[in-house]
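One letter stands for each residue in the lines below.
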Amino acid sequence: QQQVRQSPQSLTVWEGETAILNCSYENSAFDYFPWYQQFPGEGPALLISILSVSDKKEDGRFTIFFNKREKKLSLHIADSQPGDSATYFCAASAGGSNAKLTFGKGTKLSVKS
Amino acid sequence: DPKIIQKPKYLVAVTGSEKILICEQYLGHNAMYWYRQSAKKPLEFMFSYSYQKLMDNQTASSRFQPQSSKKNHLDLQITALKPDDSATYFCASSAGGNQDTQYFGPGTRLLVL
């Protein structure tokens, strides 16, 4: 059973548009949700994260919207750039030290210029 | 300079053989992890260590054995290799507190023939 689900599997937007990547989860104990960005041949790198006590987190062009009641969150990438073309992973953990991350299958974003 | 070093970058092995994947981190972190990424499955947590002690093991098979000779080292020994073990193995580390960012290495890509 996939505990963290992402949609769409792939997404293409034009340069300057806002890309919206969706994520949902099953486990009510999850309280920390990092988003990772991965380029081909590299390891995932933390992009932005949110705790379940918040409903929004912004960092430059990147914003997470979080709905605890519906167990859904989304990553909005404003003013998308070709350099944003990568795979984005939603992850979740259930608190505590050294807690394991449970990842979704990822959304592959392509930004066309 | 890379802060998390994984060696080798690529590894080809024959079925039934044994390999060791090397991971060293120079972030001063107390916790280290192994994750696996394959074409069939999303990033999967395997192990977590804190201060060189095993904290969590989500790997069903005993063929996978982490080894921590130093605080900043966490190697992964894989015995009796199978084609299904083909994947990219990522080492990660974190400071070790609650909801700390996990930083990923560049990965070792393993192909078992």
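(A) Highlighting the packing of aromatic side chains. Per the stated rule, a full pass over the model turns up 14 aromatic pairs over all chains. Where Phe33(A) meets Phe66(A), the ring centres are 5.0 Å apart and the plane angle is 40°; that geometry is what we call tilted. One end of the pair, Phe33(A), is in strand E4 (residues 32-38); the other, Phe66(A), is in strand E7 (residues 62-67), and 33 residues separate them in sequence. Given a relative accessible area of 1%, Phe33(A) falls into the buried group. Between Tyr33(B) and Tyr35(B), the aromatic rings sit 6.4 Å apart at their centres with planes inclined by 40°, giving tilted as the arrangement. Relative accessible area serves as the criterion here: at 1%, Tyr33(B) is assigned to the buried category. One aromatic cluster is present, built from ring pairs that chain together Tyr36(A), Phe89(A), Phe103(A), Tyr33(B), Tyr35(B), Phe45(B), Phe90(B) and Phe104(B). Its end group placed over the ring of Phe64(B), Arg36(B) keeps NZ or CZ at 5.2 Å from the ring centre.

Conventions adopted
Along each chain, residue indices are assigned from 1 in the same order as the chain's sequence is written. Think of it this way: whatever chain is written first is A, whatever ligand is written first is 1, and the rest follow in order. Selection of residues for local features in this predicted model requires a pLDDT of at least 70, selection of side-chain atom pairs for listing and counting requires 80 or more, and totals for whole chains, interfaces and linings are taken over all residues. Side-chain numbers come from the whole structure's heavy atoms, not from hydrogens or water. Here a pair means two rings of Phe, Tyr or Trp (six-membered ring of Trp) with centres within 6.5 Å. Their orientation is stacked below 30 degrees between planes, edge-to-face above 60, and tilted elsewhere. Helix numbering and strand numbering both begin at the N terminus, where a helix is a DSSP run of H or I of at least 4 residues and a strand a DSSP run of E of at least 2. Summary of the burial criterion: residues with accessible area below 20% of their type's maximum are buried, those above 50% are exposed, and those between are partly exposed, where the area comes from a 1.4 Å probe applied to protein chains only. Over a ring means this: the NZ of a Lys or the CZ of an Arg is within 6 Å of the ring centre and within 35 degrees of the ring normal.

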